[in-house]
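# Observations on chain architecture
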Amino acid sequence: MILEPYWLSGNTTASHSTPFSYDTHVPVIFMGPGIKPGRYNGSIIVNDIAPTLATILDVETPSGSVGRVLMEMFE
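Keep in mind that this is a model prediction, so the values were computed, not measured. (Residues numbered from 1 in each chain as written. Predicted model: local features only at pLDDT ≥ 70, side-chain atom pairs only at ≥ 80, totals over all residues. Heavy atoms only, no water.)

Now for the pattern of salt bridges. All chains considered together, the criterion is met by one salt bridge. In this structure, the salt-bridge partner of R68 is E72, at a minimum N-O distance of 3.2 Å. On the accessibility criterion, R68 (37% relative accessible area) is partly exposed. Residue E72 is classed as partly exposed on the basis of its relative accessible area of 33%. (Salt bridge = Lys/Arg side-chain N within 4 Å of Asp/Glu carboxyl O. Buried < 20%, exposed > 50% of the residue type's maximum accessible area, 1.4 Å probe, protein only.)

As a volume, the largest pocket reaches approximately 780 Å³. As for the largest pocket, its lining consists of 26 residues, and the residues nearest its centre are P27, V28, Y40, G42 and I44. Partitioned by chemical class, the residues of the lining of the largest pocket number 15 nonpolar, seven polar and four charged. (1 Å grid on protein atoms, 1.4 Å probe; cavity = no way out; pocket = protein on both sides within 12 Å on 5 of 7 lines; lining within 4 Å. Points joined across faces, edges and corners; volume = space filled by probe spheres on them. Nonpolar A, V, L, I, M, F, W, Y, C, P; charged D, E, K, R; others polar.)

Looking now at the side chain of D48. Residue position: D48 is located in the loop between α1 (21-24) and α2 (49-57). Among buried Asp, Glu, Lys and Arg side chains, D48 stands out as unpaired, with R68 the closest opposite charge at 4.1 Å. Each residue touching D48, except ones within four places of it in the same chain, is listed here: G67, R68 and L70. (Helix = DSSP H or I, 4+ residues; strand = E, 2+ residues; numbered from the N terminus. Lys, Arg positive; Asp, Glu negative; His and termini not counted. Contact = heavy atoms within 4.5 Å.)

As structure tokens, then:
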């Protein structure tokens with residue numbers, strides 16, 4: 001069931017489960033040493049976060065990881 005834009009089912013305050021752009025675009029922020037300052041407007045998927053964090057922390061990428069390392073943000 002897909003509701004009209006900005007409508008929710010039940011007593012929830014958020015869902016992130018609709019196909020509308022306001023519900024599918026969530027900012028991801030990385031900051032710290034070795035991270036290039038800037039804004040990157042390219043698309044990523046949630047699966048990209050684990051391998052990127054593993055690279056930052058210099059640990060092995062999780063074995064079930066299917067995402068990519070977000071190399072564009074590294075200095």
